[in-house]
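One letter stands for each residue in the lines below.
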Amino acid sequence: MATNENLVEDLVKELKGISLEDGENASPLLAKISAADPNIYEQVDLAEPLYNLLASSSLDSDEVRSQVAKCIADVAKTPEQRKRFTTKQTIELLLKFIGEADKPDKIVLVTQSCRALGNICYLNDTARNIVVELKGIADLIKLLDVQVTEDSCGEQFLKVRCGVISNFILGGEDYAKKAMDLGILDKLEATAVEASQRMPFPEILLQNTLPPFSILTENVPDLKFSTPLNQSLVRILSASTNPDLAEHCLDLLHYQAENDDVKVLLAKEGLCEIIYRLLEKYKTFASSSRDARALMKSACDLIVLILTGDESMNYLYSTPFLANMEAWLDAEDVDLVTTGVLALGNFARTDSHCIDMVKSNVMQKLLGILAKNNGRNDDMNLQHALLSTLRNLVIPKVNKTAVIEAGVVDILLPMLDIHAPWVVFKLLGTLRMTVDGQEKLALQLLANEKLIRQLVAWSNSTDYAGVTGESLRLMAWLIKHAYAVHRHDGASAAASTADHSSLVHFARTDGAVECMVRMLTSQHLVMQNESLIALSILLIVFSGRNSAASEDSVDIEDLLVAANVGGRLAELISTRADSMTKEIVENLQQVVALLRKSDALVKHMAQHNIDELVKSIPIIVEYCTL
């Protein structure tokens with residue numbers, strides 16, 4: 001430590017002792033200062049002597065002046081020194097040198113001045129504000145007009161010109177917008193588009209032109225690139241073998257592909273096919289390199305993002321790319337398989353596509369993959385993708401029988417042992433879509449003790465609202481689709497003759513009826529309505545069937561009172577009366593009418609003033625006054 005302190009003291013003393021008239025002799029000392037670890041200067045002020053030397057009118061040599069600027073750049077890498085160099089006179093002088101960038105003989109001085117100003121502006125709004133005050137943004141942006149040869153000096157200039165620009169606009173939206181107002185985006189676009197048309201690509205130029213685009217997209221809301229620029233990014237990604245360039249292009253295209261019109265453009269430019277070919281070519285690298293794996297995932301994510309647009313998805317469905325995604329279902333790499341599944345899931349957003357996939361062998365392949373990956377230790381991203389796609393495939397009514405007969409339920413039920421919320425959410429949604437209109441399957445699942453117990457448990461989980469809601473909805477749908485006949489005319493006769501064993505299993509499961517009551521006060525109207533339908537069926541089936549000797553007896557009255565059905569109905573009416581639809585009001589009235597058939601339930605409802613609350617519902621009052 002003492003050695004470092006002595007070295008610093010000697011260097012600083014020597015620097016301050018240099019005569020400004022004899023600046024040429026400063027070169028060896030400046031080289032020593034630049035070569036040392038900048039942290040050793042943290043306690044001393046080098047800003048004043050270095051500025052004095054840089055500003056010396058007797059210093060005619062650009063070579064020495066360049067060394068001074070380099071020294072400032074190297075010392076200003078530390079936060080403390082950065083503050084010391086944050087003065088108007090220092091920044092003004094550096095901007096003056098940067099303004100000479102159009103003079104070929106000044107390239108070294110301009111380069112070192114860019115380095116110095118870039119380091120001073122890093123994480124330093126005070127310095128950025130001085131640049132703004134001095135109208136120096138225009139000088140920085142003019143750097144993009146400079147054409148240089150790609151020799152060693154030119155390469156370093158290309159790096160540092162975008163470095164100083166980047167460190168300035170990194171300050172946030174205000175600085176980025178000021179640069180935008182002075183045309184930075186147009187100049188960057190012109191540079192990138194022109195470079196993308198050269199063969200071979202000027203990689204140093206591109207590698208240092210693309211990063212400022214990323215900073216602008218992060219700091220300027222809803223920034224959209226021109227069509228030529230997006231096309232250029234696709235062209236660079238397609239032809240370059242440089243992984244850094246590929247990463248830059250993917251990041252920028254990801255951001256742009258958030259716009260649906262850009263999704264269509266990229267689809268028609270063949271980006272998805274380009275990514276497919278590149279991943280097929282380089283996929284073996286992903287197994288041995290973490291960076292290559294990250295790049296593969298980024299490319300796969302971009303494919304899926306483009307397919308989330310309706311127009312881009314429909315366009316690609318008619319191209320060979322569809323077959324490419326089907327081929328990835330047989331890939332050995334799990335990320336490629338997952339991408340293929342997600343891509344097909346996005347294609348399956350229209351009934352016609354879903355029907356095509358079920359008629360072909362795609363559905364069978366998906367079920368086969370899930371059958372091998374439906375356990376707790378299997379890849380959850382793949383499980384999530386498979387469930388999302390199967391859910392879409394089973395929505396069209398004409399597909400349901402085929403998917404059920406192919407064994408989807410037997411493959412899905414083992415997944416009840418998985419408790420990852422994002423997988424569970426998709427599992428429940430897939431089961432719910434599968435039972436829609438399928439009475440036999442609904443009866444079968446309603447009697448599945450493990451399923452109902454798990455649904456009750458998940459519906460009581462307040463940590464994940466999506467899982468809670470889907471659990472409640474699946475139970476309500478099982479009741480509705482198994483016993484929908486009871487909601488038609490002649491329900492009483494049907495109730496007395498139908499097989500109610502499945503519903504008995506459900507109602508006797510601890511907490512199941514309580515779940516349907518609790519669902520009355522869900523946030524969503526559709527769930528409130530589904531709860532009313534389920535409770536209506538429970539009341540039709542079990543009212544008056546409470547003989548202890550009966551095998552199918554269920555004391556529905558006790559269960560409903562214990563679940564505080566009156567309190568839940570009162571809360572529903574009090575909080576949602578104004579927004580109730582005609583259908584909800586009719587279902588509510590039916591439930592209340594069925595509850596009145598029991599003396600115990602009448603008494604319970606009276607405690608919560610249900611009759612008066614029902615009369616206060618606006619839509620009922622409106623009917624009464626017509």
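Predicted model only: the values in this text are computed from it and were never measured.

Observations concerning the overall build of the protein
Within the protein, the regular secondary structure consists of 40 helices and zero strands. Here the C-alpha coordinates of the protein stretch approximately 115 × 60 × 55 Å along the principal axes. Long-range contacts, defined here as pairs at least 24 residues apart, represent 73% of the contacts in the protein between residues at least 6 apart.

As for the state of the cysteines
Evaluated as defined, the whole model comprises zero disulfides. For the unlinked cysteine Cys121, the closest cysteine sulfur is that of Cys114, found at 11 Å. Cys153 takes part in no disulfide bond, and the closest cysteine sulfur, belonging to Cys114, lies 13 Å away. We classify Cys153 as partly exposed; its relative accessible area is 34%.

Details of the packing of aromatic side chains
Per the stated rule, a full pass over the model turns up five aromatic pairs. Geometrically, the ring pair formed by Tyr282 and Phe285 is tilted, given 5.9 Å between the ring centres and 40° between the ring planes. In this arrangement the basic side chain of Arg128 is found over the ring face of Tyr175, its NZ or CZ atom lying 5.8 Å from the centre. Taking the ring centre of Trp477 as reference, the NZ or CZ of Arg432 above it sits at 4.7 Å.

Overview of helix α27 (residues 421-435)
In a regular helix each residue adds 1.5 Å, so 15 residues correspond to 21 Å; α27 covers 21 Å between its end C-alpha atoms and thus fits that length. Burial of α27 is extensive: twelve of the 15 residues sit out of reach of the surface. Within the span of α27, buried status applies to Pro421, Val423, Val424, Leu427, Leu428, Gly429, Thr430, Leu431, Arg432, Met433, Thr434 and Val435. Looking at the buried residues of α27, the elements they touch are α24 (380-393), α25 (397-405), α26 (408-412), α28 (439-446), α29 (449-459) and α30 (465-482).

Focus: the packing of helix α2 (residues 27-35) against helix α4 (residues 62-75)
Contact geometry for α2 and α4: axes closest at 9 Å, N-to-C directions at 20°. It follows from the interaxial angle that α2 and α4 lie roughly parallel. Considering how the two elements wind past one another, α2 and α4 form a crossing that is left-handed. Contacts from Ser27, Leu30, Ala31, Ile33 and Ser34 of α2 reach α4 at Val64, Gln67, Val68, Lys70, Cys71, Asp74 and Val75.

Observations concerning the pattern of salt bridges
Counted under the stated rule, the structure contains 25 salt bridges. A salt bridge links Glu173 to Lys177; the nearest nitrogen and oxygen atoms lie 2.8 Å apart. Placement of both Glu173 and Lys177 in helix α11 (residues 173-181) is noted, with a separation of four residues, approximately one turn of the helix. Judged by relative accessible area, Glu173 falls into the partly exposed class, the value being 34%. The partner of Arg349 in a salt bridge is Asp310, and the shortest N-O contact between them spans 2.8 Å. Of this pair, Arg349 sits in the loop between α21 (334-347) and α22 (351-359) while Asp310 is found in helix α19 (residues 310-317), placing the two residues 39 residues apart along the sequence. Connected through salt bridges with shared partners, the residues Lys70, Asp74, Lys77 and Arg115 form a single ionic network.

Let's talk about the side chain of Glu189
Relative to the assigned elements, Glu189 resides in helix α12 (residues 184-196). A polar atom in the side chain of Glu189 sits 3.1 Å from the side chain of Ser226. Those residues in contact with Glu189 that lie beyond four places of it in its chain are Phe213, Phe225, Ser226 and Leu229.

Let's talk about the environment of Ala239
Along the polypeptide, Ala239 turns up in helix α14 (residues 227-239). Along the backbone, Ala239 and Leu278 are 39 residues apart, and their C-alpha atoms lie at a distance of 9.7 Å.

Examining the environment of Ala195
The residue Ala195 is located in helix α12 in this model. The buried category is assigned to Ala195, whose relative accessible area is 0%. Contact partners of Ala195, with chain neighbours within four places excluded, come to Phe201, Pro202, Leu205 and Leu206.

Observations regarding a negative patch on the surface
On the surface, Glu218, Asp244, Glu247, Asp251 and Asp291 cluster together into a patch of negative charge. Residue contributions to the negative patch peak at three residues, all from helix α15 (residues 243-256). Relative to the helices and strands, Glu247 resides in helix α15. The exposure class assigned to Glu247 is partly exposed, which follows from its relative accessible area of 41%.

Here's the deal with a nonpolar patch on the surface
Together, Tyr122, Leu123 and Leu170 line one region of the surface with nonpolar side chains, adding up to about 300 Å² of accessible area. Among the structural elements, Leu170 can be located in the loop between α10 (152-169) and α11. Given the relative accessible area of 39%, Leu170 is considered partly exposed.

Overview of α15
Compared with the 20 Å implied by 1.5 Å per residue over 14 residues, the 20 Å span of α15 between its first and last C-alpha is a close match. Considered for burial, the residues of α15 that qualify are Leu245, Ala246, Cys249, Leu250, Leu252, Leu253, His254 and Gln256. Its buried side turned inward, α15 meets α13 (203-219), α14, α16 (260-268), α17 (271-282) and α18 (290-307). You can read the cap of α15 off the contacts: a side-chain oxygen lies 2.8 Å from the backbone nitrogen of Asp244, and it is on Asn242.

Parameters at a glance
Residues numbered from 1 in each chain as written. Predicted model: local features only at pLDDT ≥ 70, side-chain atom pairs only at ≥ 80, totals over all residues. Heavy atoms only, no water. Helix = DSSP H or I, 4+ residues; strand = E, 2+ residues; numbered from the N terminus. Contact = heavy atoms within 4.5 Å. Disulfide = S-S within 2.5 Å. Buried < 20%, exposed > 50% of the residue type's maximum accessible area, 1.4 Å probe, protein only. Phe/Tyr/Trp six-rings, centres within 6.5 Å; stacked < 30°, edge-to-face > 60°. Lys NZ or Arg CZ within 6 Å of the ring centre and 35° of its normal. Expected span 1.5 Å × (residues − 1). Axes fitted to C-alpha atoms, helices over the stretch in contact; angles between N-to-C directions. Parallel < 35°, antiparallel > 145°, perpendicular 65-115°, else oblique. Left-handed = near helix turned anticlockwise from the far one by under 90°. Salt bridge = Lys/Arg side-chain N within 4 Å of Asp/Glu carboxyl O. Polar contact = N/O pair within 3.5 Å; in protein donor to acceptor, adjacent residues only side chain to side chain. Patch = residues over 30% accessible without salt bridge, like charges linked within 9 Å, V, L, I, M, F, W, Y side chains within 5 Å. Areas by Shrake-Rupley, 256 points an atom, 1.4 Å probe, with all protein chains shown as cover. Lys, Arg positive; Asp, Glu negative; His and termini not counted. Charge placed at Lys NZ, Arg CZ, Asp CG, Glu CD.

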